[in-house]
Amino acid sequence: MSIIARNKNSKPRLTVKDLARDLGMSVSTVSRAFHADAVIAKDTRDLVLNRAREIGYSPNPFARSLITKRTRIVGIVVADIKNPFYPEVLTRLTTALRAIDMNVMLVAADQSGDVDQALRLLLNYQPDLAIILAATLSSAAAQECRRAGTPVIFFNRLSADDHAFGISCDNIRGGRSIADYLVDTGHRRLAYIAALPDASTNVARHRGFSERAVERGLAAPAVIEAGQFSYHAGYEAARKLRDLKEVPDGVFCANDILAIGFLDGVRRELALGVPDDISIVGFDDIEMAHWPSHGLTTVRQPIDQMLEATVSLAKELSTNSGREPIVQLIPPGAVIERATTRKRHHG
């Protein structure tokens, strides 16, 4: 009697033993077929995988983990899912991780305390590693990861924890390139719209922008605290231009969604034209930055290289969790000039 016929009524969960019996093979041979790096003849692997699809069998990752001592689970924690930059990153990152036979467990959080709680939840499933997007961890949560033997990779944010891995754009370099662009196009009164004060991206972009502006002979850029990487925060920051002694002619916003909010705020709330009176530059090059209604000048994040580095590191850490932590900074793309900036002439 075949497996399909035998299970027609009750349909119990199929096991690797059932599949091996159906194929007349040993359990060890069948098991190897589901491991991409296992030594097994191609014809045998194809036969096993094809038959598994026919009868609806898929390997149980938790049962496999009892043997391998690896769950093949990557826990991803994201705390800024409203930022359009991260849905694109998540889609591509999860696809790439699945391609190397990793199981993705995603948890979204809002506040820093929620991030710690989300990570503790993930640790119950004994992930091989955790990837943190757009969030920071408390020192207590970081210590729990170390005790559990779970490496942590910070993507697009860097941690103050010396035991964490980091993959990020070189944000200082990106900020410097925007200062050079604005100075080279004739801007003399600069300002920075700041986001989360403890976010490494915000701190590094501001540092690079401010230091380079001073090196180029300008006064240190004015700073307007928006407090968040969000459209609403950017819109409200535009109102704060009234508080400055002198209206800037060139503004760098900490990221694109903040810049788009700032752009709309300037247009709707102030009697200023963009780019006639004020130029605005963002950072990320999200899809919305291309839209004709925004036409935002920005710097492109090197997402391809950042994802490649993250997946490569995840693959290594899944089998070698004892590797010494590293931080990899990837050069940003060039400034992409669109409709929110123009050259200025000084008589």
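Structure: above.
Just so you know, these numbers come straight off a predicted model, no measurement behind them. For every chain, the first residue of the written sequence is number 1, and numbering continues from 1 onward in sequence order. Owing to the predicted nature of the model, reporting of local features is limited to residues with pLDDT of at least 70; listing and counting of side-chain atom pairs is limited to 80 or more, with chain, interface and lining totals taken over all residues. Only hydrogens and water are set aside when side-chain values are computed; all heavy atoms of the structure are taken into account.

**Student:** Hey, could you run me through the pattern of salt bridges in this one?
**Tutor:** As a working rule, side chains carrying opposite charge can pair if their charged atoms are close by. The term salt bridge refers to a side-chain nitrogen of Lys or Arg lying within 4 Å of a carboxyl oxygen of Asp or Glu. On inspection of all chains with the given rule, the structure shows 20 salt bridges. In this structure, Asp180 engages Arg216 in a salt bridge whose closest nitrogen and oxygen atoms are separated by 2.8 Å. In this pair, Asp180 is assigned in helix H9 (residues 171–184) and Arg216 in the loop between helix H10 (200–215) and strand S7 (222–225), connecting sequence segments 36 residues apart. A salt bridge links Asp249 to Arg189; the shortest N-O distance between them is 4.0 Å. Here Arg189 lies in the loop between H9 and strand S6 (190–194) and Asp249 lies in the loop between helix H11 (231–239) and strand S8 (250–253), a separation of 60 residues in the sequence. Exposure is judged per residue with a 1.4 Å probe applied to protein chains only, and the accessible area is read against the type maximum: over 50% gives exposed, under 20% gives buried, and values in between give partly exposed. Assessed through its relative accessible area of 3%, Asp249 is described here as buried. Beyond isolated ion pairs, a larger network of salt bridges with shared partners links Arg176, Asp180, Asp184, Arg212, Glu215 and Arg216. Only DSSP runs of H or I with at least four residues qualify as helices, and only runs of E with at least two residues qualify as strands; both kinds are numbered from the N terminus onward.

**Student:** Even after reading the chapter, I still don't get the sheet that holds strand S1 (residues 73–78), so can you show me in this structure?
**Tutor:** Two strands in a sheet stick together by hydrogen bonds in their backbones, pointing the same way (parallel) or opposite ways (antiparallel). The criterion for strand pairing is that DSSP finds at least two bridges linking the strands in question. The strand order across the open sheet built from six strands is S2-S1-S3-S4-S5-S11, with neighbouring strands paired in parallel fashion. Strand pairing shows two members of the sheet lacking a second neighbour, strand S2 (103–108) and strand S11 (327–330), which therefore form its edges. Recorded for the sheet is a direction-independent mean angle of 15° between the axes of neighbouring strands. Most of the contacts of helix H14 (residues 303–317) go to strand S5 (residues 165–169), to which it runs at about 170°, and overall it touches strand S3 (129–133), strand S4 (152–155), S5 and S11. Inter-axis angles, ranging from 0 to 180 degrees, are taken between N-to-C directions of lines fitted to C-alpha atoms, where helices are fitted over the stretch in contact. The contact definition used throughout considers only heavy atoms, calling two residues in contact when any of these lie within 4.5 Å.

**Student:** Explanation requested: unusual backbone geometry in the structure shown.
**Tutor:** A negative phi angle characterises most non-glycine residues, just as the trans form characterises most peptide bonds. A cis amide bond links Val274 to the next residue, Pro275, at an omega of 10°. By the secondary structure assignment, Pro275 is in the loop between helix H12 (256–269) and strand S9 (279–281). Phi angles above zero are rare outside glycine, and Gln126 is one such case at about 50°. Within the element layout of this structure, Gln126 appears in the loop between helix H7 (112–123) and S3. Judged by its relative accessible area of 58%, Gln126 falls in the exposed class.

**Student:** How should I be thinking about the packing of aromatic side chains in this particular structure?
**Tutor:** Centre-to-centre distance and the angle between the planes together describe a pair of aromatic rings. The pairing test for Phe, Tyr and Trp rings, Trp by its six-membered ring, is centres within 6.5 Å, and the orientation test on the planes gives stacked under 30 degrees, edge-to-face over 60, and tilted for anything in between. Following the criterion strictly, the structure yields seven aromatic pairs and no others. For the ring pair Tyr192 and Phe209, a centre distance of 6.3 Å and an interplane angle of 40° mean the geometry is tilted. A residue pair is termed long-range when its members are at least 10 positions apart, and Tyr192 in strand S6 and Phe209 in helix H10 qualify at 17 residues. Side by side, Tyr192 and Phe209 carry an identical accessibility label, which is buried. When the ring of Phe209 is compared with that of Phe252, the centres are 5.1 Å apart and the planes differ by 65°; the resulting orientation is edge-to-face.

**Student:** Where do I start with the nonpolar core in this structure?
**Tutor:** Soluble globular proteins: nonpolar side chains tend toward being buried together. Among the nonpolar cores identified, the biggest contains 73 residues, and Leu97, Ile131, Leu133, Ile153, Ile193 and Phe262 are the most heavily contacted of them. If you tally residues by element for this core, the top one is H14, at eight residues. Ranked by size, the runner-up nonpolar core spans 18 residues in total, among them Val107, Ala130, Ile132 and Val152. As used here, the term nonpolar core means buried Ala, Val, Leu, Ile, Met, Phe, Trp, Tyr and Cys residues forming a set that is joined through side-chain atoms within 4.5 Å.

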